[in-house]
Amino acid sequence: QVRLVESGGGLVQAGGSLSPSCAASGNIFSIDIMGWYHQAPEKQRDLVATINSDGTTNYADSVKGRFTISRDNAKNTVYQRMVSMQPEDTAVYYCDAVTGGRHYWGQGTQVTVSS
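Predicted model, so just to flag it, every value in this text is computed and none were measured.

K.L.:
Is there a simple way to think about the overall build of the chain in this case?
P.N.:
When helices and strands are tallied, the chain shows 0 helices and 11 strands. For the chain, the sequential pattern of α-helices and β-strands runs β-β-β-β-β-β-β-β-β-β-β. Taking 115 residues into account, the globule formula puts the C-alpha radius of gyration at 13 Å, and the chain, at 13 Å, falls close to it. Along the longest, intermediate and shortest principal axes, the C-alpha atoms of the chain span 40 × 25 × 20 Å. When burial is assessed residue by residue, the chain has 42% of its 115 residues classed as buried. At a minimum sequence separation of 6, the contacts of the chain that also span at least 24 residues come to 52%. For the chain, the accessible area works out to roughly 6,000 Å², and carbon and sulfur atoms hold 47% of it. Placing the 9 positive and 10 negative side-chain charges of the chain at their respective mean positions leaves the two points 4 Å apart.

K.L.:
Sorry, what's going on with the pairing of strand E11 (residues 109-114) here?
P.N.:
Sheet faces and side chains relate simply in a regular strand, where the side chains alternate between the two faces. Of the two faces of E11, the one lined by Thr-109, Val-111 and Val-113 is fully buried and the one lined by Gln-110, Thr-112 and Ser-114 carries no buried residue. Sheet analysis places strand E9 (residues 91-99) next to E11, joined by 3 bridges and oriented antiparallel. Bridge pairing in E11 links Val-92 to Gln-110.

K.L.:
Would you explain the packing of aromatic side chains in this entry?
P.N.:
The geometry of an aromatic ring pair is captured by the separation of the ring centres together with the interplanar angle, meaning the angle of the planes. Evaluation of the coordinates by the stated rule reveals 1 aromatic pair. Judged by centre distance (5.0 Å) and plane angle (80 degrees), the rings of Tyr-37 and Trp-105 are edge-to-face. Taken together, the residues span a long stretch of sequence, with Tyr-37 in strand E4 (residues 33-39) and Trp-105 in strand E10 (residues 102-105) at a distance of 68 residues. On the accessibility criterion, Tyr-37 (16% relative accessible area) is buried. Against the face of Tyr-94 rests Arg-45, its NZ or CZ located 3.6 Å from the ring centre. Here the guanidinium or amino end of Arg-45 rests over the ring plane of Trp-105, the centre of that ring lying 4.7 Å away.

Definitions and cut-offs
Residues numbered from 1 in each chain as written. Predicted model: local features only at pLDDT ≥ 70, side-chain atom pairs only at ≥ 80, totals over all residues. Heavy atoms only, no water. Helix = DSSP H or I, 4+ residues; strand = E, 2+ residues; numbered from the N terminus. Rg over C-alpha atoms; globule rule 2.2 N^0.38 Å. Buried < 20%, exposed > 50% of the residue type's maximum accessible area, 1.4 Å probe, protein only. Contact = heavy atoms within 4.5 Å. Areas by Shrake-Rupley, 256 points an atom, 1.4 Å probe, with all protein chains shown as cover. Lys, Arg positive; Asp, Glu negative; His and termini not counted. Charge placed at Lys NZ, Arg CZ, Asp CG, Glu CD. Pairing = 2+ DSSP bridges. Phe/Tyr/Trp six-rings, centres within 6.5 Å; stacked < 30°, edge-to-face > 60°. Lys NZ or Arg CZ within 6 Å of the ring centre and 35° of its normal.

Pasting the structure below:
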C-alpha cells in the first residue's frame with residue numbers, strides 16, 4: 001500500500017508559476033514510477049509528466065518546456081515546477097505512483113490559472 005499526499009496547488013495568473021509536491025509513504029521501496037496527471041471538469045484524467053526511479057522523465061507535449069518533474073528519493077517526494085502557466089492548465093492535479101503495475105493516487109490538488 002502506498003499513500004500519496006499532494007500540496008502546493010492554488011490560484012495563479014497567466015504567465016505565473018506553481019510548484020506542487022507529493023509525499024509518498026507506506027510501501028515506498030517498490031515504487032517504480034511517480035508522476036502527475038491532471039483532470040479538467042468533464043474531461044478525462046490525462047498524463048502531465050512521469051519520472052522513473054532512475055530519473056528518466058516523460059512529458060505531455062502540452063507542457064514540454066514549461067513543466068519540470070523531479071524526484072527526491074531520500075524524501076520520498078516528487079515535485080513539479082510549473083512555469084509560464086496558461087488558463088488551459090487549470091485542473092485538479094493528481095499524484096500517481098506505480099508499483100508492481102498498480103497505480104496509487106493522491107487526493108488531488110486544485111490548480112487554477114486566471115487570464
